[in-house]
Amino acid sequence: MTIPAVPSIKNGCLMVRGRVILTQVPENVVVTPISHEAAFVGASSETPSARLVFQLGVLEFKMWSMIPRFGESGCDVPTETQMLLLEAREASEDSDVPDGISESKTGKTFYLVVLPVLDGNFRATLQGTTVNELEFCAESGDPNVQTYQVLEAVFMNSGDSPYKLMRNSIKGTKNDYCLINPGHWRSTKMPKHIDWFGWSTWNAFYIDVSAQGIAEGLKSFSEGGYSPKFLIIDDGWQTTVIERQENGEIPNNTTKFVARLVNFEENDKFKGFCSEICCSDLSHFIKHIKEKYGVRLVYAWHALIGYWGGVLPTSPVMRKYNPRIVYPVQSPGNLSNIVCGTIGTMEKDGIGFIEPSRIHEFYEDFHSYLASCSVDGVKVDVQNILDTLGSGYGGRVALIRQYQEALQESVMKNFKANNLICSMSMNTERIYSSKRGAAARVSEDFMPSEPTFQTLHIAAVAFNSLLLGEIVVPDWDMFYSHHYTADFHGAARALGGCAVYVSDKPGQHNFDIIKKLVLPDGSILRARNAGRPTRDCLFIDPVTDNKSLLKIWNMNKFSGIIGIFNCQRSGKWPPIAGAQWLAPPESDTVVMSGSISPMDVDFLEEAADESWCGDCALYLFKSGLSALLLKCFLIRDLFSRTVYKMNNHVNAGSLLTMPKEASFEVSLGVLKFEIFTVSPIRVVGQSLKFAPIGLVDMYNSGGAVQSFECRDNLSNSVVKLQVRGCGRFGAYSNKKPRSCSVDLEEEIFIYNAKDGLLIFNLGGQCSKRDVEIMY
């Protein structure tokens, strides 16, 4: 008997692959199959409403939700959940009766993703109840937009690999099912900034950013030998005002959150700047820094609604867009979670909101002015505020679609490229309405002064990239290179497949960290996909359980990369400013242990050739790591096991070889990490074994290898590589080469016969180099 993979309802239970996922499913819930594995789930109500909540059934299962949050049952699913990932085992094929929700010991592991999506003008989310019922809530955000049924509000799909499941779900829903239609970044034009080292002015200056400060910062970067190639002029450059109340009093909170945009021009801090030359305005200043400091791209920050408080309705410039003061209305789902302090000010003082029919014209005028100043793109923030402004405009989904279409058309038209970074935009209305936006933040801000936020940040971006990394190039935000967590953050960025940019204050840089991420020409070695937790980390809490390490994996062309991080001592989910970590009574240490295996790189076979037998070379990057106690286990079959024990300490920069099924144990203190480059070993001829490692002094060493081929004949064997960058290049070789050449010039090399590590130097420029190794 073949067990159906498509979700179905049987005897009041939601079934997937013979396993009961939900019990006590109400009769008004319907399942609509759309493939052999996927289906939409919806429900009907007797009366129409702008906000519908339907019970899906009782969930008593391990789960992971997007925030990320962790739990054991339906009651642990928080309101506003946008993704739910479940792990289960298939029922046996001869089972004809649902066997409840007990764990199977024999069936094959599979994964089920539950994605609440957009159904017409309604947006769905998941939530749990105190009796473990799983519900979905569908709401329009406008009392005048009502319905009595949403039949395609929840998308379900299953698969054997959680990563392929997420990829197929997003791609499939775009190409086959048409109701989830994100701007899938694999088919979208990439923004130009993502492969260059950048600098954001935010943490360096906050709203006090000025032309003078930017010039000082660029000068200090230049003096250190690593000049940013893209610059984000963040919040603080615009011309804004804080309106007075009718009684003439300034609101109690005189921060930027009540300020409104007056016009499109830069404020006085960017006019009349004089240093080596005098710059009369923003246009002159940007042209100056591009010429003097080699900045290739400049992005300007602005809010989706102009500024935090919108635009000034009485401004002569803004009057043409028909703005009026509106007041945000938060949904019950918003109010059930931690509320950002900015929203209270907006609710009290209102927002200068542009008439949606004029938003195309607003962005066109705004971006054309920026383009005339040699600005190359925009970082658009405060996007989620539209969640609260849908009343009277067809609801939140309709309003966000209208704004997103206008924004993305203007960016493409005025900057001649998809140079857009979306921020505060992780709501599903934005995610599933975006058609072109290819880069977006996937986390809360980097907050240098919050001790417990540092590891929370790393865990959040990795888990959130499970979903968002299939839709956008994830942006893991800026960080300080001169910070006690800089090495930790830098290593994570190398794994993220994201842009790399810092927010250093002028003169406060750690170039030892920067040079592990950035080549001398300002480019970076960006991994191919979004960095995500390894399979064995998906259903554990590596931040607050006081026992687990976080592992993040990614791919290069010819190797994988694994980072293992101790993210403990980090407060709780969701992060709360000022929180302190308190060790549990039984805890007497913060050193954690975890296993590493080549198989942690889920798509490693993509980096190997067809004849790959499974053997790998692993390069341990971290300098200063005190010791690793290795206990490797190779499972040959169900009845025999070969155990490898190596009680020696492994020095930093060590090279190991092992089968892909092997594993070893790593112990790390809090805020410590290690990075492993995992390179499949190729067999050349009868006896040569070779695996490229890459630039061994870079966090993501394997990102340097652009092409790799081997040739064998009767007289010799040849390995040919094309490598980008400069510095020490490493590879595994079981034999000492006869010669090594770079761009046809013979190069001196060092070979360690004990571990097979071959090292030679790539000098000169960072352009692609042709390497030939003769045996």
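These numbers were taken from a predicted model, which means no experiment stands behind them.

**Regarding the overall build of the chain**
- A tally of helices and strands in the chain yields twelve helices and 48 strands.
- Expressed as a percentage of the 775 residues in the chain, the buried residues total 60%.
- For the chain, restricting intrachain contacts to residue pairs at least 6 apart in sequence, the fraction spanning at least 24 positions comes to 74%.
- When the accessible surface of the chain is split by element, carbon and sulfur atoms take 49% of a total near 29900 Å².

**A closer look at the pattern of salt bridges**
- For the structure on display, the rule yields 31 salt bridges.
- Notably, a salt bridge pairs Lys290 with Asp376, separated by 2.8 Å at the nearest N-O pair. With Lys290 in helix α4 (residues 282-293) and Asp376 in the loop between α7 (359-372) and β24 (377-381), this residue pair connects regions lying 86 residues apart in the sequence.
- A salt bridge links Lys516 to Asp487; the nearest nitrogen and oxygen atoms lie 3.8 Å apart. With Lys516 in the loop between α12 (511-514) and β29 (532-533) and Asp487 in helix α11 (residues 486-495), the pair connects residues that are 29 residues apart, well separated along the chain. Each member of the pair Lys516 and Asp487 is classed as buried.

**Here's the deal with the sheet that holds strand β39 (residues 682-684)**
- As summarised here, the arrangement of the five strands in space is β39-β40-β43-β47-β46, forming an open sheet in which the pairing is antiparallel. Both edges of this open sheet fall to β39 and β46 (749-752), since each of them pairs with a single strand only. Between one strand axis and the next, the sheet turns through 30 degrees on average, direction left out of account.
- As paired elements, strand β43 (residues 727-733) and strand β47 (residues 757-762) share six bridges and run antiparallel to each other. Bridge pairing links Gly727 to Leu762 in β47.

**Quick look at the packing of aromatic side chains**
- Taken as a whole and assessed by the stated rule, the structure comprises 34 aromatic pairs.
- The interplanar angle of 85 degrees and the centroid separation of 5.4 Å between the aromatic rings of Tyr321 and Phe362 together place this pair among those described as edge-to-face. Taken together, the residues Tyr321 in the loop between β21 (297-303) and β22 (324-326) and Phe362 in helix α7 connect sequence positions 41 residues apart. Summarising the burial analysis for this pair, Tyr321 and Phe362 share the class buried.
- Aromatic side chains Trp553 and Phe603 sit 5.3 Å apart centroid to centroid with 85 degrees between the ring planes, which places their arrangement in the edge-to-face category. On the criterion of sequence distance, the pair formed by Trp553 in strand β30 (residues 550-555) and Phe603 in the loop between β32 (592-596) and β33 (615-620) is long-range, its members being 50 residues apart. The exposure classification of Trp553 matches that of Phe603, with both residues buried.
- These aromatic residues form a ring-pair network of at least three members: Trp237, Phe264, Tyr321, Phe353, Phe362, Tyr363, Phe366, Tyr393 and Tyr403.

**What to know about the environment of Leu22**
- With respect to the element layout, Leu22 can be found in strand β3 (residues 19-22).
- Measuring from C-alpha to C-alpha, the distance between Leu22 and Gly74 comes to 9.5 Å, with 52 residues separating the pair along the chain.

**Digging into the sheet that holds strand β16 (residues 230-233)**
- Taken in spatial order, the eight strands of this open sheet run β27-β26-β25-β24-β21-β16-β15-β28, and their pairing is parallel. Because the sheet does not close on itself, it has two edges, and the strands there are β27 (473-475) and β28 (500-502). The mean inter-strand angle of the sheet, taken between neighbouring strand axes irrespective of direction, is 25 degrees.
- Strand direction decides the pairing type here: β16 and β21, joined by four bridges, are parallel.

**Side note on unusual backbone geometry**
- Even without a glycine there, the phi angle at Arg17 is positive, about 55 degrees.
- Within the secondary structure, Arg17 is located in the loop between β2 (13-16) and β3.
- Overall, Arg17 belongs to the buried group, its relative accessible area being 5%.
- One non-glycine residue, Asp743, lies in the positive phi region at around 50 degrees.
- The exposure class of Asp743 is partly exposed, given its relative accessible area of 34%.

**Topic: the packing of helix α10 (residues 453-468) against α11**
- Interhelical geometry of α10 versus α11 gives an angle of 5 degrees and a closest axis separation of 11 Å. The angle between the axes of α10 and α11 places the two elements in the roughly parallel class. Two secondary-structure elements touch here, α10 through Gln454, Thr455, His457 and Ile458 and α11 through Phe488, His489, Ala492 and Arg493.
- Tallied by class, the residues present in the contact of α10 with α11 amount to three nonpolar, four polar and one charged.

**Examining the pairing of β47**
- Counting buried residues along β47, five of its six residues qualify, which places the element largely inside the surrounding structure.
- Pairing of β46 with β47 involves four bridges; the strand directions are antiparallel. When the bridges of β47 are listed, Phe749 appears paired with Phe760.
- Turn length for the β46-β47 hairpin, with the two strands adjacent in sequence and antiparallel, is four residues, and the turn residue Gly756 shows positive phi of about 80 degrees.

**Examining the packing of helix α3 (residues 211-223) against α4**
- Where α3 contacts α4, the two axes come as close as 11 Å, and the packing angle between them is 10 degrees. Our classification of the angle between α3 and α4 gives roughly parallel. For the pair α3 and α4, the contacting residues are Ala211, Ile214, Ala215, Leu218, Lys219 and Ser222 in the first and Phe285, Ile289 and Tyr293 in the second.
- Residues that form the contact of α3 with α4 fall into these classes: seven nonpolar, one polar and one charged.

**Focus: the side chain of Arg396**
- By the secondary structure assignment, Arg396 is in helix α8 (residues 396-415).
- A distance of 3.5 Å separates polar atoms of two side chains, one belonging to Arg396 and the other to Glu139.
- Side-chain polar atoms of Arg396 contact the side chain of Asp387, separated by 3.4 Å.
- Ignoring anything within four residues of it in the chain, the contact list for Arg396 reads Arg123, Glu139, Ser140, Gly141, Ser331, Leu386, Asp387, Gly390 and Glu429.

**Observations concerning the confidence of the model for the chain**
- This prediction gives the chain a mean pLDDT of 87; 87% of its residues lie at or above 70.
- Here residues 96-102 is modelled with pLDDT under 50, and outside its nearest four sequence neighbours on either side it reaches twelve contacts, counting other chains as well.
- Here residues 623-652 scores under 50 on pLDDT; set against residues more than four positions off or in separate chains, the count is 45 contacts.

Thresholds applied
Residues numbered from 1 in each chain as written. Predicted model: local features only at pLDDT ≥ 70, side-chain atom pairs only at ≥ 80, totals over all residues. Heavy atoms only, no water. Helix = DSSP H or I, 4+ residues; strand = E, 2+ residues; numbered from the N terminus. Buried < 20%, exposed > 50% of the residue type's maximum accessible area, 1.4 Å probe, protein only. Contact = heavy atoms within 4.5 Å. Areas by Shrake-Rupley, 256 points an atom, 1.4 Å probe, with all protein chains shown as cover. Salt bridge = Lys/Arg side-chain N within 4 Å of Asp/Glu carboxyl O. Pairing = 2+ DSSP bridges. Axes fitted to C-alpha atoms, helices over the stretch in contact; angles between N-to-C directions. Phe/Tyr/Trp six-rings, centres within 6.5 Å; stacked < 30°, edge-to-face > 60°. Parallel < 35°, antiparallel > 145°, perpendicular 65-115°, else oblique. Nonpolar A, V, L, I, M, F, W, Y, C, P; charged D, E, K, R; others polar. Polar contact = N/O pair within 3.5 Å; in protein donor to acceptor, adjacent residues only side chain to side chain. pLDDT = per-residue confidence, 0-100.

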